[in-house]
Amino acid sequence: MVDAKGPSELAEEDEFQRMRELGDFMIYRSAINKLADGEWSSEETKFNLGPLKPSLMGEDHRLPAMPERPTIIDFFKLRFGPSKQHLLQSAALAQKNGLPEKMVLACLLHDVSVIAFFRPDHGYWGAQMLEPYVDEEVSWAIRMHQALRFFPDESVGYEYPEAYAKRFGADYRVEPYIQRDYDYARNHKWYMSARQICLNDLYAFDPDTLVSIDQFEDIIGRHFKHPEEGLGNDSSPASHMWRTLRRPANVL
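Everything in this summary refers to the structure shown in the same document. (Residues numbered from 1 in each chain as written. Predicted model: local features only at pLDDT ≥ 70, side-chain atom pairs only at ≥ 80, totals over all residues. Heavy atoms only, no water.)

1. Comments concerning the overall build of the protein
Reasoning step 1: For the protein, the helix and strand inventory stands at 13 helices and two strands.
Reasoning step 2: Classification of the 252 residues of the protein by burial places 41% in the buried group.
Reasoning step 3: Put simply, the protein shows about 14800 Å² of open surface, and 52% of that area lies on carbon and sulfur atoms. (Helix = DSSP H or I, 4+ residues; strand = E, 2+ residues; numbered from the N terminus. Buried < 20%, exposed > 50% of the residue type's maximum accessible area, 1.4 Å probe, protein only. Areas by Shrake-Rupley, 256 points an atom, 1.4 Å probe, with all protein chains shown as cover.)

Next comes the structure, spelled out in C-alpha coordinates:
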(Lines give C-alpha, C1' and ligand atoms only; values in the text may rest on other atoms or scores of the structure.)
Protein backbone atom coordinates (compact mmCIF):
# COMPACT_ATOMS: atom_id res chain seq x y z
CA MET A 1 0.00 0.00 0.00
CA VAL A 2 1.38 3.38 -0.98
CA ASP A 3 1.52 5.91 1.83
CA ALA A 4 -0.64 8.97 1.27
CA LYS A 5 1.31 12.12 0.65
CA GLY A 6 1.13 14.87 3.23
CA PRO A 7 0.12 18.46 2.50
CA SER A 8 3.71 19.67 2.35
CA GLU A 9 4.74 16.96 -0.11
CA LEU A 10 1.76 17.79 -2.32
CA ALA A 11 2.59 21.48 -2.08
CA GLU A 12 6.19 20.81 -3.11
CA GLU A 13 5.07 18.76 -6.09
CA ASP A 14 2.74 21.56 -7.13
CA GLU A 15 5.58 24.07 -6.77
CA PHE A 16 7.87 22.02 -9.02
CA GLN A 17 5.09 21.72 -11.60
CA ARG A 18 4.65 25.50 -11.51
CA MET A 19 8.32 26.15 -12.16
CA ARG A 20 8.55 27.31 -15.71
CA GLU A 21 11.30 26.03 -17.92
CA LEU A 22 13.34 28.42 -20.04
CA GLY A 23 14.98 26.13 -22.54
CA ASP A 24 17.13 23.95 -20.30
CA PHE A 25 16.91 26.33 -17.33
CA MET A 26 14.57 26.22 -14.36
CA ILE A 27 12.84 29.47 -13.37
CA TYR A 28 12.08 29.79 -9.66
CA ARG A 29 9.64 32.13 -7.91
CA SER A 30 10.99 34.12 -5.00
CA ALA A 31 9.49 33.51 -1.57
CA ILE A 32 8.01 37.02 -1.43
CA ASN A 33 5.98 36.24 -4.57
CA LYS A 34 4.59 33.09 -2.97
CA LEU A 35 3.62 34.97 0.19
CA ALA A 36 1.89 37.62 -1.90
CA ASP A 37 -0.16 34.83 -3.49
CA GLY A 38 -1.12 33.53 -0.04
CA GLU A 39 1.11 30.47 -0.29
CA TRP A 40 2.39 29.52 3.15
CA SER A 41 2.54 26.42 5.30
CA SER A 42 3.68 25.94 8.87
CA GLU A 43 4.08 22.19 8.44
CA GLU A 44 7.62 21.00 9.03
CA THR A 45 8.71 18.22 6.71
CA LYS A 46 11.89 17.06 5.11
CA PHE A 47 13.13 19.76 2.76
CA ASN A 48 13.24 18.78 -0.91
CA LEU A 49 15.35 20.67 -3.43
CA GLY A 50 13.37 19.24 -6.29
CA PRO A 51 14.82 18.51 -9.73
CA LEU A 52 18.46 19.56 -9.84
CA LYS A 53 18.43 21.01 -13.32
CA PRO A 54 20.48 23.95 -14.56
CA SER A 55 18.96 27.15 -13.21
CA LEU A 56 18.92 30.64 -14.63
CA MET A 57 21.85 32.82 -13.60
CA GLY A 58 22.58 35.87 -15.72
CA GLU A 59 20.63 37.66 -18.43
CA ASP A 60 17.09 36.48 -19.12
CA HIS A 61 16.38 36.47 -22.84
CA ARG A 62 12.63 36.73 -22.17
CA LEU A 63 13.27 40.36 -21.18
CA PRO A 64 14.62 43.20 -23.33
CA ALA A 65 18.42 43.25 -23.37
CA MET A 66 19.97 45.89 -21.13
CA PRO A 67 23.05 47.88 -22.15
CA GLU A 68 26.32 47.05 -20.46
CA ARG A 69 26.17 50.20 -18.34
CA PRO A 70 22.46 50.89 -17.80
CA THR A 71 21.05 54.24 -16.71
CA ILE A 72 17.78 55.07 -14.98
CA ILE A 73 16.39 55.88 -18.43
CA ASP A 74 17.25 52.34 -19.59
CA PHE A 75 15.33 50.92 -16.63
CA PHE A 76 12.34 53.09 -17.51
CA LYS A 77 12.39 51.84 -21.08
CA LEU A 78 13.41 48.21 -20.58
CA ARG A 79 12.18 47.12 -17.13
CA PHE A 80 9.33 49.38 -16.01
CA GLY A 81 5.90 48.36 -17.31
CA PRO A 82 3.01 50.49 -18.61
CA SER A 83 2.19 51.75 -15.09
CA LYS A 84 5.30 53.93 -15.38
CA GLN A 85 2.90 56.43 -16.96
CA HIS A 86 1.88 57.29 -13.40
CA LEU A 87 5.42 58.51 -12.72
CA LEU A 88 5.77 60.24 -16.07
CA GLN A 89 2.42 62.03 -15.90
CA SER A 90 3.05 63.12 -12.30
CA ALA A 91 6.44 64.53 -13.27
CA ALA A 92 4.91 66.28 -16.28
CA LEU A 93 2.32 67.87 -13.97
CA ALA A 94 5.07 69.00 -11.59
CA GLN A 95 6.92 70.51 -14.54
CA LYS A 96 3.76 72.27 -15.73
CA ASN A 97 3.23 73.64 -12.22
CA GLY A 98 6.68 75.20 -12.27
CA LEU A 99 8.36 73.09 -9.61
CA PRO A 100 12.16 73.19 -9.35
CA GLU A 101 13.94 70.53 -11.38
CA LYS A 102 14.94 68.65 -8.26
CA MET A 103 11.30 68.26 -7.29
CA VAL A 104 10.29 67.27 -10.80
CA LEU A 105 12.82 64.45 -10.41
CA ALA A 106 11.28 63.51 -7.04
CA CYS A 107 7.84 63.28 -8.68
CA LEU A 108 9.32 61.25 -11.53
CA LEU A 109 10.73 58.68 -9.10
CA HIS A 110 8.35 58.84 -6.12
CA ASP A 111 6.63 55.48 -6.79
CA VAL A 112 9.57 53.69 -8.40
CA SER A 113 9.20 50.83 -5.94
CA VAL A 114 5.52 50.36 -6.81
CA ILE A 115 6.30 50.40 -10.51
CA ALA A 116 9.27 48.06 -10.41
CA PHE A 117 9.83 46.41 -7.04
CA PHE A 118 7.51 46.26 -4.01
CA ARG A 119 4.17 47.92 -3.27
CA PRO A 120 4.23 47.64 0.55
CA ASP A 121 6.12 50.50 2.19
CA HIS A 122 6.95 51.78 -1.27
CA GLY A 123 8.12 55.20 -0.09
CA TYR A 124 10.72 53.64 2.18
CA TRP A 125 11.86 51.12 -0.41
CA GLY A 126 11.99 53.76 -3.14
CA ALA A 127 14.07 56.13 -1.02
CA GLN A 128 16.52 53.36 -0.21
CA MET A 129 16.84 52.45 -3.88
CA LEU A 130 17.62 56.04 -4.81
CA GLU A 131 19.60 57.47 -1.89
CA PRO A 132 23.06 56.95 -3.40
CA TYR A 133 22.07 58.63 -6.66
CA VAL A 134 19.96 61.67 -5.80
CA ASP A 135 20.08 64.70 -3.53
CA GLU A 136 19.24 63.95 0.10
CA GLU A 137 16.17 66.19 -0.07
CA VAL A 138 14.80 64.14 -2.97
CA SER A 139 15.16 60.78 -1.24
CA TRP A 140 13.78 62.23 2.02
CA ALA A 141 10.72 63.58 0.20
CA ILE A 142 10.13 60.23 -1.52
CA ARG A 143 10.36 58.40 1.80
CA MET A 144 8.04 60.77 3.65
CA HIS A 145 5.41 61.18 0.96
CA GLN A 146 4.19 57.73 1.97
CA ALA A 147 3.04 59.09 5.33
CA LEU A 148 1.95 62.56 4.20
CA ARG A 149 -0.43 61.31 1.51
CA PHE A 150 -2.81 60.03 4.24
CA PHE A 151 -3.10 63.47 5.89
CA PRO A 152 -4.84 66.46 4.31
CA ASP A 153 -3.28 69.92 4.41
CA GLU A 154 -5.83 72.63 3.71
CA SER A 155 -3.15 75.33 3.66
CA VAL A 156 -1.84 74.01 0.34
CA GLY A 157 -5.08 72.54 -1.00
CA TYR A 158 -4.28 68.87 -0.41
CA GLU A 159 -7.30 66.71 0.42
CA TYR A 160 -7.45 63.09 1.48
CA PRO A 161 -7.58 61.15 -1.80
CA GLU A 162 -11.04 59.94 -2.73
CA ALA A 163 -9.41 56.82 -4.13
CA TYR A 164 -8.11 55.93 -0.66
CA ALA A 165 -11.56 56.24 0.89
CA LYS A 166 -12.90 53.85 -1.75
CA ARG A 167 -10.02 51.41 -1.43
CA PHE A 168 -9.47 51.35 2.32
CA GLY A 169 -12.86 52.38 3.68
CA ALA A 170 -14.04 55.51 5.45
CA ASP A 171 -12.93 54.22 8.87
CA TYR A 172 -9.36 53.35 7.87
CA ARG A 173 -6.68 54.39 10.36
CA VAL A 174 -3.01 54.44 9.49
CA GLU A 175 -0.44 52.26 11.21
CA PRO A 176 1.42 53.82 14.17
CA TYR A 177 4.66 54.15 12.20
CA ILE A 178 2.87 56.18 9.51
CA GLN A 179 1.44 58.51 12.15
CA ARG A 180 4.91 58.79 13.75
CA ASP A 181 6.59 59.68 10.48
CA TYR A 182 3.88 62.18 9.58
CA ASP A 183 4.36 63.94 12.92
CA TYR A 184 8.11 64.02 12.32
CA ALA A 185 7.83 65.22 8.71
CA ARG A 186 5.23 67.90 9.54
CA ASN A 187 7.86 69.91 11.41
CA HIS A 188 10.80 69.18 9.13
CA LYS A 189 12.49 71.77 6.91
CA TRP A 190 11.71 69.64 3.85
CA TYR A 191 8.04 69.11 4.67
CA MET A 192 6.88 70.99 1.59
CA SER A 193 9.15 68.94 -0.66
CA ALA A 194 7.37 65.75 0.37
CA ARG A 195 4.01 67.52 0.25
CA GLN A 196 4.71 68.67 -3.33
CA ILE A 197 4.96 65.00 -4.33
CA CYS A 198 1.49 64.45 -2.87
CA LEU A 199 0.10 67.52 -4.64
CA ASN A 200 1.39 66.29 -8.00
CA ASP A 201 0.65 62.61 -7.37
CA LEU A 202 -2.05 61.76 -9.89
CA TYR A 203 -4.69 59.32 -8.68
CA ALA A 204 -6.44 59.25 -12.04
CA PHE A 205 -4.54 58.92 -15.28
CA ASP A 206 -5.31 59.93 -18.81
CA PRO A 207 -5.01 56.72 -20.85
CA ASP A 208 -4.87 58.79 -24.03
CA THR A 209 -1.80 60.73 -22.86
CA LEU A 210 1.59 59.10 -23.19
CA VAL A 211 4.54 60.94 -21.67
CA SER A 212 8.03 59.83 -22.68
CA ILE A 213 10.95 59.52 -20.27
CA ASP A 214 12.98 61.38 -22.89
CA GLN A 215 11.12 64.54 -21.84
CA PHE A 216 13.10 64.46 -18.59
CA GLU A 217 16.50 63.48 -19.98
CA ASP A 218 18.09 66.85 -19.22
CA ILE A 219 16.71 66.97 -15.68
CA ILE A 220 17.95 63.45 -15.03
CA GLY A 221 21.34 64.37 -16.44
CA ARG A 222 21.65 67.31 -14.06
CA HIS A 223 20.23 65.74 -10.91
CA PHE A 224 20.68 61.94 -11.04
CA LYS A 225 24.19 60.76 -10.16
CA HIS A 226 24.71 57.86 -12.52
CA PRO A 227 27.58 55.59 -11.49
CA GLU A 228 30.26 55.31 -14.14
CA GLU A 229 29.97 51.51 -14.10
CA GLY A 230 26.25 51.62 -14.77
CA LEU A 231 23.27 51.45 -12.41
CA GLY A 232 23.53 48.12 -10.60
CA ASN A 233 27.16 47.52 -11.50
CA ASP A 234 28.38 49.91 -8.81
CA SER A 235 29.08 49.13 -5.17
CA SER A 236 26.59 51.45 -3.52
CA PRO A 237 24.32 50.14 -0.71
CA ALA A 238 21.43 50.08 -3.21
CA SER A 239 23.12 48.56 -6.26
CA HIS A 240 21.82 45.07 -5.50
CA MET A 241 18.25 46.32 -5.89
CA TRP A 242 18.95 47.49 -9.44
CA ARG A 243 20.72 44.22 -10.25
CA THR A 244 17.60 42.40 -9.06
CA LEU A 245 15.45 44.49 -11.40
CA ARG A 246 17.79 43.74 -14.25
CA ARG A 247 17.80 39.98 -13.62
CA PRO A 248 14.68 39.26 -11.55
CA ALA A 249 14.59 35.49 -12.16
CA ASN A 250 18.13 34.61 -11.10
CA VAL A 251 17.99 31.63 -8.79
CA LEU A 252 20.43 33.25 -6.33
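2. Description of the packing of helix α7 (residues 122-130) against helix α8 (residues 136-148)
The description of two packed helices rests on the angle between their axes and on the distance between the axes.
Reasoning step 1: Running from N to C, α7 and α8 cross one another at 170 degrees; their axes reach a closest spacing of 7 Å. The orientation of α7 relative to α8 falls into the category roughly antiparallel. Side by side, α7 and α8 meet where His-122, Gly-123, Tyr-124, Gly-126, Ala-127, Gln-128 and Leu-130 of the first sit next to Ser-139, Ile-142, Arg-143, His-145 and Gln-146 of the second. (Axes fitted to C-alpha atoms, helices over the stretch in contact; angles between N-to-C directions. Parallel < 35°, antiparallel > 145°, perpendicular 65-115°, else oblique. Contact = heavy atoms within 4.5 Å.)

3. Concerning the environment of Arg-173
Reasoning step 1: Mapped onto the secondary structure, Arg-173 falls in the loop between α9 (162-168) and α10 (176-186).
Reasoning step 2: Sequence separation of Arg-173 and Phe-150 is 23 residues, and the distance between their C-alpha atoms is 9.2 Å.

4. Points about unusual backbone geometry
Reasoning step 1: Notably, Asp-121 is not glycine yet its phi reads approximately 50 degrees, a positive angle.
Reasoning step 2: By the element assignment, Asp-121 lies in the loop between α6 (112-116) and α7.

5. Re a nonpolar patch on the surface
Reasoning step 1: Among the surface-exposed residues, Ile-32, Leu-35 and Trp-40 lie close enough to one another that they form a single nonpolar patch of about 380 Å² accessible area.
Reasoning step 2: Examined against the element boundaries, Leu-35 turns out to sit in helix α2 (residues 31-36). (Patch = residues over 30% accessible without salt bridge, like charges linked within 9 Å, V, L, I, M, F, W, Y side chains within 5 Å. Salt bridge = Lys/Arg side-chain N within 4 Å of Asp/Glu carboxyl O.)

6. With respect to α7
Reasoning step 1: Taking burial as the measure, the nine residues of α7 include seven buried ones, the bulk of the element.
Reasoning step 2: Turning to α7, its buried residues are His-122, Gly-123, Tyr-124, Gly-126, Ala-127, Met-129 and Leu-130.
Reasoning step 3: Where α7 is buried, its residues touch α5 (101-109), α6, α8, α10 and α13 (239-246).

7. Examining the pattern of salt bridges
Opposite charge on two side chains makes pairing possible when the charged atoms of those side chains draw close.
Reasoning step 1: All told, the structure shown has eleven salt bridges when counted by the stated rule.
Reasoning step 2: Where Arg-62 meets Asp-60, a salt bridge forms, and the shortest distance between an N and an O atom there is 2.5 Å.
Reasoning step 3: Accessibility expressed as a relative area gives 5% for Asp-60, which makes it buried.
Reasoning step 4: The salt bridge partner of Asp-214 is Lys-77, with a shortest N-O separation of 3.1 Å. Residue Asp-214 is found in the loop between α11 (191-199) and α12 (217-223), and its partner Lys-77 is found in helix α3 (residues 72-78); the two are separated by 137 residues along the sequence.

8. Some remarks on α13
Reasoning step 1: Considered for burial, the residues of α13 that qualify are Ser-239, Met-241, Trp-242, Leu-245 and Arg-246. An end-on view of α13 places all buried positions within 160 degrees of arc, on one side of the element. (Arc of directions from axis to C-beta.)

9. Quick word on the side chain of Asp-111
Reasoning step 1: When you line up the elements, Asp-111 lands in the loop between α5 and α6.
Reasoning step 2: Within the structure, the side chain of Asp-111 is placed 2.9 Å from the side chain of His-86, a separation counted as a polar contact.
Reasoning step 3: Side-chain polar atoms of Asp-111 contact the side chain of His-122, separated by 3.1 Å.
Reasoning step 4: In this structure, Asp-111 is in contact with His-86, Leu-87, His-122, His-145 and Asp-201, ignoring residues within four places of it in sequence. (Polar contact = N/O pair within 3.5 Å; in protein donor to acceptor, adjacent residues only side chain to side chain.)

10. Section: the packing of aromatic side chains
Reasoning step 1: Using the criterion set out here, one finds 16 aromatic pairs in the structure.
Reasoning step 2: Ring centres of Phe-168 and Tyr-172 lie 5.3 Å apart, and the angle between their planes is 40 degrees; on these two criteria the pair is classed as tilted.
Reasoning step 3: Classification of Phe-168 by relative accessible area gives partly exposed; the value is 36%.
Reasoning step 4: Linked through ring pairs, Phe-150, Tyr-160, Tyr-164, Phe-168 and Tyr-172 together constitute an aromatic cluster. (Phe/Tyr/Trp six-rings, centres within 6.5 Å; stacked < 30°, edge-to-face > 60°.)

11. Overview of the nonpolar core
Side chains that are nonpolar tend, in soluble globular proteins, to be buried together.
Reasoning step 1: Counting residues in each nonpolar core, the largest one holds 56 residues, and the members touching the most others are Leu-108, Leu-109, Phe-216 and Trp-242.
Reasoning step 2: For Leu-108, the contacting residues outside a window of four places in its chain are Phe-76, Leu-87, Leu-88, Ala-91, Ile-213, Phe-216 and Ile-220. (Core = buried A, V, L, I, M, F, W, Y, C linked by side-chain atoms within 4.5 Å.)

12. Observations concerning the environment of Leu-202
Reasoning step 1: Note that Leu-202 resides in the loop between α11 and α12.
Reasoning step 2: Residue classification places Leu-202 among the partly exposed positions, given a relative accessible area of 23%.
Reasoning step 3: Leave out the neighbours within four places in its chain, and Leu-202 touches His-86, Gln-89, Ser-90 and Leu-93.

13. Focus on the environment of Met-103
Reasoning step 1: Relative to the helices and strands, Met-103 is located in helix α5.
Reasoning step 2: Accessibility expressed as a relative area gives 6% for Met-103, which makes it buried.
Reasoning step 3: For the pair formed by Met-103 and Ala-91, sequence separation is twelve residues and the distance between their alpha carbons is 8.6 Å.
Reasoning step 4: Leave out the neighbours within four places in its chain, and Met-103 touches Glu-137, Ala-141, Ser-193, Gln-196 and Ile-197.

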